[in-house]
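If you want the building blocks of each chain, they are given just below.
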Amino acid sequence: MWKVLVSRLKQGHRTLTYPRSEPALPAPYRGLPVLDSSRCPNGCGECAEACPTDALVPGDNGIALDLGRCLFCVDCERACPHGAIRMTQDWHLAGRTRAGLIISESKMLARAEALGRELRGLLGRSLKLREVSAAGCNACEADVNVLGTVVFDLGRFGIQFVASPRHADGLLITGPVSRNMELALRKTYEAVPAPKIVIAVGACAISGGPYVDSPQVLNGADAVVPVDLYVPGCPPHPLSILDGLLRLLGRLPDIPETAPRPTA
Amino acid sequence: MTAALSMHNGQTVALADVPVLSVAELRDHVIRAAGAGARLGAFFGNPLDASSLRLFAILVDGFSGNLLVLATDVADRYPALTPDCPQAHWFEREIAEQWGVRPLGHPWLKPIRFHRSYRAGEDAWGRPADAALLPGVTDFFQVAGEEVHEVAVGPVHAGIIEPGHFRFQCHGEEVLHLEISLGFQHRGVESGLLGGPDKRSLHFIETLAGDTSVAHAIAYSEILESLGGVTVTARAQSLRGIALELERLANHTGDLGALATDIGFLPTSSYCGRIRGDFLNTTALLCGNRFGRSLIRPGGLWFDVDGAQVSQILERLEAAEREVTNAADLLWNTSSVMARFEETGPVSVDTCRDLGLVGVAARACGLERDCRYELPSGIFRFAQIPVSTWDTGDVFARAYVRWLEIKRSAAFIRDQLGTLPAGHIHSPVPETAPSSLSVSLVEGWRGEVCHVAITDKGGRFARYKVVDPSFHNWMGLAIALRNQQIADFPLCNKSFNLSYCGHDL
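Participant: Break down the overall build of chain B for me, citing the residues and quoting the values.
Facilitator: A tally of helices and strands in chain B yields 16 helices and 16 strands. Taken over the C-alpha trace, chain B has a radius of gyration of 22 Å; the compact-globule value for 505 residues is 23 Å, and the two agree within 12%. Seen along its three principal axes, the alpha-carbon backbone of chain B occupies a region of about 65 × 60 × 40 Å. Here chain B holds 505 residues, and 65% of them are scored as buried. A separation threshold of at least 6 residues defines the contact pool for chain B, and within that pool the share at least 24 residues apart is 67%. On chain B, roughly 16400 Å² of surface is accessible, and the fraction owed to carbon and sulfur atoms is 53%. A gap of 4 Å separates the mean positions of the 44 positive and 58 negative side-chain charges of chain B.

Set out below in structure tokens:
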């Protein structure tokens, strides 16, 4: 008992001050990419060639990037000889609509807005979620799980993962949704009492990720259930997931839509 | 009798040099080698034409540090190896499911992933092509009798974990038998790799078991480097070793915490959950991603470190090591913890050998199975990490081996960072050799990661076989549960902590 108490003192207090202040991520962290089409020579599509998930599409108004497909893998950044794509430190990546995740030089990421007044009233201070891994690789799962540790302490926001869909207000889905998980996902969704919300975490759950168009997967959660919040990444940083959840619940002070932060 | 082809880890051989034996000769060879202590690293099929299949067996001989490769041709059936060589059991179920070839005499021939055969019209169970294949719907082994009951769990589990189905046969609280039915995570990784390497190949590899991205990426890269005939620089090899051991540190620490969670010992549970994140964040210091994504590339690495990063990593490592020592010591010094760990979920060394278990699970039975020692590749040819074993085969052994490895991995990283070779970190990889076979084994945190590539005449992947350590070890968990309390399942499960997607691919 004595040793346990001494250990408690040694381990100290570890909970992040977020959202009161924004923690710094390590310098090589790869967040929201910025596109500078003015550097693109006509007809160059080297970034799109290199992209493993065809997230980049060159068009008349410059390159468009689907963050829902993006693996944040820097294959494009490295392939581009003109420096037109640059990864930034911005980890605020969550959006409410699939279309809002498609960005270009002239179209910024549509960051997640809060739920409507009624749902916010119901869930804003107490949100219980059932997690369904539908062929997730255990990286998104791990970074969702970590929200329960003392570092993020999800409980302080009234958000909790529960063991039964019947106790839940919604689902948090990871993975590209394999054919073999379709039925289980559908049944789990049906078991959640209405009104209910669905959160898709990671490139796989949004678009199929690296498995997009594989015959064994359904290209993400919205092939089976309606999705209310998308958190891009492969996997998203736990802060990106937490930021998305707090935006959805209207728990963050309103952040104006600004240009992405410069790299640190 | 034709001898098997002997090769070393990371070598490429001409496909034509792989001896093709008769089925009887191959059986004889594998059974004798397994009896002498070798293990089956991989056993898989590759189609020759529409009606025949070539089976390749890769035997791992830990004593000599060699791999033995042999092959045989079969049509739609062959006499199973499993009755005489139990460690072939899961491989033969996989061969039956993938190719519709029946291993005759297999004692428990059932699907493992629930997908259609890769050869249209060939189904080992004669199921019609239009019949739905439902995962987990199969004839489970059942115990009958008064007071005997069955407990079904999954696919969706109570925690934030991957899906799988567990079927327990119980008498009261005692588990007589556990059967594990997987396949829910099947994404078609091996099919997706066919025709590669291409721009998506590495991303399949990094996500096929996402908590083992580094080990799988190293195995894949070593295959391409071997097929292309290029050696990566000493600096790149050292940095790869550091990333691999950071992956081990993070996962082993997380596992110690999770074991504490499952017995309700909250101090270590909450400390290790947090310290695990510190190790992941150290990997992010290397490359920006907590799981090491995009760090390892064929030819070396994509991210180098400078002096400031090295000192930052050393500083964090020292702090995390001190804190995990404090958290782990609480486990070993608390009698209520030890009472729950000791003698729970035991696996005997004979069972371990028979089933061909690998990694932490095998070392916890006292077997010195560790690729870093037996078949070293990369930096491990120059810097050795002692093999950590314990011999009680129970939950305690699996926990304690992790703890021993945490200390040794941390020491290894410190040494490497102190003597990091100069030089560049990436060398261009030439075209992959045509009509070749290449094998790479890497000791991931769970155990042996085995990749085998077979290239066609154009140097493209005609077959890319992945064997995650979980593939060998799921049966070990099922056996460990026998005669245990069903309430100890979470604890036993966590002591193995196997990958669902690494198995399902």
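Participant: Mind laying out helix α6 (residues 179–191) of chain A, listing which residues take part and the relevant values?
Facilitator: All names here are of chain A. Residues of α6 that are buried include every one of Asn180, Met181, Ala184, Leu185, Thr188, Tyr189 and Ala191, and no others. Angularly, the buried residues of α6 cover 155° about the axis, an arc narrow enough to put them on a single face. Exposed residues pointing more than 90 degrees away from the buried face of α6 are listed as Lys187 and Glu190. Tucked inside the fold, the buried residues of α6 contact β6 (127–133), β8 (170–174) and β9 (197–201).

Participant: Could you give an account of the sheet that holds strand β16 (residues 461–467) of chain B, naming the residues involved and the relevant values?
Facilitator: All names here are of chain B. The strand order across the open sheet built from four strands is β2-β14-β15-β16, with neighbouring strands paired in antiparallel fashion. Pairing within the sheet leaves two strands with one partner each, and these edge strands are β2 (12–14) and β16. The mean inter-strand angle of the sheet, taken between neighbouring strand axes irrespective of direction, is 15°. Note that strand β15 (residues 448–455) and β16 share six bridges and pair antiparallel. Counterpart to Val452 in the pairing with β16 is Lys465. Those strands touched by helix α5 (residues 213–228) are β2, β14 (436–443), β15 and β16, and its axis lies near 150° from that of β14.

Participant: I'd like to hear about the packing of helix α4 (residues 201–208) of chain B against α5(B), residue by residue, with values.
Facilitator: Residue and element names in this part refer to chain B. Between α4 and α5, whose axes approach to 7 Å, the crossing angle comes to 140°. As the angle between them shows, α4 and α5 are arranged oblique. Classified by chirality, the crossing of α5 by α4 is right-handed. For the pair α4 and α5, contact is made by Ser201, Leu202, Ile205, Glu206 and Leu208 and by Ser213, His216, Ala217 and Tyr220, respectively. Counted by class, the contact of α4 with α5 contains five nonpolar, three polar and one charged residues.

Participant: Can you tell me about a nonpolar patch on the surface, naming the residues and giving the values?
Facilitator: A contiguous nonpolar surface patch, about 450 Å² in accessible area, is contributed by A:Met1, A:Trp2 and A:Leu5. Among the structural elements, A:Met1 can be located in the segment before α1 (2–11).

Participant: Run through the pairing of β9(A), naming residues and quoting values.
Facilitator: All names here are of chain A. Extensive coverage of β9 is indicated by the burial of five of its five residues. Of the two faces of β9, the one lined by Ile197, Ile199 and Val201 and the one lined by Val198 and Ala200 are each fully buried. Both β8 and β9 contribute to a ladder of five bridges, which runs parallel. Bridge pairing links Ile173 to Ala200 in β9. Handedness of the β-α-β unit built from β8, α6 and β9 comes out right-handed. Summarising the sheet, β9 and strand β10 (residues 229–231) pair through three bridges and their orientation is parallel. Across the sheet, the residue bridging to Val201 is Val231, located in β10.

Each value, and the rule that gives it
Residues numbered from 1 in each chain as written. Chains lettered and ligands numbered in written order. Predicted model: local features only at pLDDT ≥ 70, side-chain atom pairs only at ≥ 80, totals over all residues. Heavy atoms only, no water. Helix = DSSP H or I, 4+ residues; strand = E, 2+ residues; numbered from the N terminus. Rg over C-alpha atoms; globule rule 2.2 N^0.38 Å. Buried < 20%, exposed > 50% of the residue type's maximum accessible area, 1.4 Å probe, protein only. Contact = heavy atoms within 4.5 Å. Areas by Shrake-Rupley, 256 points an atom, 1.4 Å probe, with all protein chains shown as cover. Lys, Arg positive; Asp, Glu negative; His and termini not counted. Charge placed at Lys NZ, Arg CZ, Asp CG, Glu CD. Arc of directions from axis to C-beta. Pairing = 2+ DSSP bridges. Axes fitted to C-alpha atoms, helices over the stretch in contact; angles between N-to-C directions. Parallel < 35°, antiparallel > 145°, perpendicular 65-115°, else oblique. Left-handed = near helix turned anticlockwise from the far one by under 90°. Nonpolar A, V, L, I, M, F, W, Y, C, P; charged D, E, K, R; others polar. Patch = residues over 30% accessible without salt bridge, like charges linked within 9 Å, V, L, I, M, F, W, Y side chains within 5 Å. Salt bridge = Lys/Arg side-chain N within 4 Å of Asp/Glu carboxyl O. Right-handed = clockwise from strand over helix to strand, strands pointing away.

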